[in-house]
Amino acid sequence: MSDKLHPETLAIRGAKSQTEYNEHNQALFLTSSFKFDSAAHGAALFAKEVEGYTYSRTANPTVSAFQQRVAVLEAGESGIATATGMAAIQAAFFTFMKAGDHLIASRSLFGTTAGFISGIVSKFGIEVTLVSQTDVAQWRAAVKPNTKMLFLETPSNPLNEVADLEALAAIAHEAGALLVVDNSFCTPAIQQPLRFGADLSVQSATKGIDGQGRVLGGIIAGRNELVKEIALYVNSAGVSLSPFNAWVLLSGVETLFVRMEKQAANAAQVAAWLRTRPQVKAVHYAGFDDHPQAQLARKQQSSGGIVVAFEVEGGQEAAWKVIDSAKVFSKTANLGDVRSTITHPWTTTHGRMAPETKLESGIQPGLLRLSVGLENVQDLIADLKQALA
Ligand SMILES: *Cc1c(COP(=O)(O)O)cnc(C)c1O
């Protein structure tokens, strides 16, 4: 479909496979395999002499529509979907790195990603250096002849530290390495890392893209030649997205822009209000004018996003009290949902990290993370007010 259409339109009117029945919505092709017209047609499909579907681990029309629709929103040429966000990260890593290669990653990563890097990636002989999310000089100093990839999330989870994508892309490309960005926090409705030089934008579609807490999924967008290589990995490793999940996620894509805009507006109001509370020591929100990387946030993001982190006086005990007193906020670790959620990173998402590593990353026992949803913002503020009291 035309490049002249706006992203909001393409989220709804983008890639779709149309059958003879004139269905209005994208059809769900819930089938594991596809028939060949003849033995010769089967052979031609497998030899890739003709285009077509053979087996849903390799490709499926519902999954293809999802991949292509998100890729366009990410400003990528194509996309490849995966079973989960972690499968997307795994596929990006293991497609482009082997034993003896070197990965530079931000120290401020989602807990499971940090655990995957320290527990699994390093086990396969890939060398890892962890650096500060925001100190570009540390990234530059970490580069070695065998550096193959720079990896980060921006803004970071849960502290909303913003990384300089253009500066990191320059370092990566000078070293002949790839810059890979986890865009789960913003979704392409708020930020498109590829526009700032990233080679791949990876995300957990479980978060903002689904937005209604229903299914797991992942998606990677980028240039054709890179995505093609990852697709081979996804097919062989068997970490493909289920067609049913792709179908659910497509309906999430259709409402993504309006949800992210309203949720970010709610988040900005909640963040500003939290700053006025005597029980709150610090509020971390990328939309604040006095955020340490405010200028970068404005350049890279269309809003401050939907995640707010704040630290209460009184450490873990006080933080748990706030969670247990909340009535509207859900006590769950998911984010990007239309339902607002509240979590204690120290004992949940970052629970597997050593205490000193958490403190080094700025995660304190009194820190709480909110993912702000679509409820009336006055109800959210009233809930936090009584919980803090
Ligand atoms: C949730 C999350 C992931 C992992 O995604 P799953 O779909 O749960 O596998 C990766 N990165 C970030 C930033 C996340 O929030």
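Residues numbered from 1 in each chain as written. Predicted model: local features only at pLDDT ≥ 70, side-chain atom pairs only at ≥ 80, totals over all residues. Heavy atoms only, no water.

Peer 1: Explain the environment of Ala 141 to me, please; I cannot follow it from the model alone.
Peer 2: Summarising the element assignment, Ala 141 is placed in helix α6 (residues 136-142). For the pair formed by Ala 141 and Pro 243, sequence separation is 102 residues and the distance between their alpha carbons is 43 Å. (Helix = DSSP H or I, 4+ residues; strand = E, 2+ residues; numbered from the N terminus.)

Peer 1: Would you explain the sheet that holds strand β3 (residues 127-131) in this entry?
Peer 2: One open sheet accounts for seven strands, arranged β1-β7-β6-β5-β4-β2-β3; its pairing is mixed. Looking at strand neighbours, the two that pair on one side only are β1 (78-82) and β3, the edges of this open sheet. Ignoring which end each strand starts from, the neighbouring axes of this sheet average 20° apart. Two elements, strand β6 (residues 200-204) and strand β7 (residues 218-222), share five bridges in a ladder whose sense is antiparallel. Within β7, the residue paired with Ser 201 across the bridge is Ala 221. Sheet strands touched by helix α3 (residues 61-73): β1, β6 and β7. Its angle to β1, the strand with the most contacts, is close to 125°. Against the sheet, helix α5 (residues 111-121) contacts β2 (102-106), β3 and β4 (147-153), and its axis sits at roughly 155° relative to β2. (Pairing = 2+ DSSP bridges. Axes fitted to C-alpha atoms, helices over the stretch in contact; angles between N-to-C directions. Contact = heavy atoms within 4.5 Å.)

Peer 1: Quick question: what am I supposed to make of the site of the ligand here?
Peer 2: Residues in close proximity to the ligand include Thr 84, Gly 85, Met 86, Ile 89, Phe 110, Glu 153, Asp 182, Ser 184, Ser 204, Thr 206, Lys 207 and Gly 217, which together make up its full environment. Take Gly 85: an N or O atom from its main chain is 2.8 Å from an oxygen atom of the ligand. A distance of 2.6 Å separates a nitrogen atom of the ligand from a polar atom in the side chain of Asp 182. Protein chains shield 92% of the accessible area of the ligand, which is 380 Å² for the free molecule. The element that contributes the greatest number of residues to the shell around the ligand is helix α4 (residues 85-96), accounting for three residues. (Near = heavy atom within 4 Å. Polar contact = N/O pair within 3.5 Å; in protein donor to acceptor, adjacent residues only side chain to side chain. Areas by Shrake-Rupley, 256 points an atom, 1.4 Å probe, with all protein chains shown as cover.)

Peer 1: Explain unusual backbone geometry to me, please; I cannot follow it from the model alone.
Peer 2: Most peptide bonds take the trans configuration, and most residues that are not glycine carry a negative phi. Here Thr 154 and Pro 155 are connected by a cis peptide whose omega angle stands at -5°. Inspection of the secondary structure puts Pro 155 in the loop between β4 and α7 (165-174). For the peptide bond that leads from Asn 157 to Pro 158, omega is 0°, which places it in the cis range. Structurally, Pro 158 is set in the loop between β4 and α7. Phi angles above zero are rare outside glycine, and Asn 22 is one such case at about 60°. Relative to the helices and strands, Asn 22 resides in the loop between α1 (7-13) and α2 (39-46). Here the phi dihedral of Lys 48 falls at roughly 60°; this positive angle occurs in a residue that is not glycine. For Lys 48, a relative accessible area of 70% puts it in the exposed group. (Buried < 20%, exposed > 50% of the residue type's maximum accessible area, 1.4 Å probe, protein only.)

Peer 1: Teacher, can you tell me more about the environment of Gly 14 here?
Peer 2: Note on placement: Gly 14 falls in the loop between α1 and α2. Along the backbone, Gly 14 and Ser 156 are 142 residues apart, and their C-alpha atoms lie at a distance of 30 Å. Among residues more than four places away in sequence, those in contact with Gly 14 are Thr 9 and Arg 69.

Peer 1: Sorry if this is basic, but what is going on with the pattern of salt bridges here?
Peer 2: Summed over the entire model, instances satisfying the criterion amount to 13 salt bridges. Where Asp 101 meets Lys 148, a salt bridge forms, and the shortest distance between an N and an O atom there is 3.1 Å. With Asp 101 in the loop between α4 and β2 and Lys 148 in strand β4, this residue pair connects regions lying 47 residues apart in the sequence. By relative accessible area, Lys 148 is classed as partly exposed at 28%. (Salt bridge = Lys/Arg side-chain N within 4 Å of Asp/Glu carboxyl O.)

Peer 1: Help me out: how do you make sense of the UniProt feature "modified residue: N6-(pyridoxal phosphate)lysine" (unreviewed entry) in the protein in this one?
Peer 2: The UniProt entry lists Lys 207 under the feature "modified residue: N6-(pyridoxal phosphate)lysine" (unreviewed entry), expressed in the numbering used here. Inspection of the secondary structure assignment puts Lys 207 in the loop between β6 and β7. For Lys 207, a relative accessible area of 15% puts it in the buried group. If we skip the residues at most four places from it in the chain, Lys 207 touches Phe 110, Ser 184, Asn 334, Leu 335 and Gly 336. (UniProt positions renumbered as here; feature names shortened; annotations may be inferred.)

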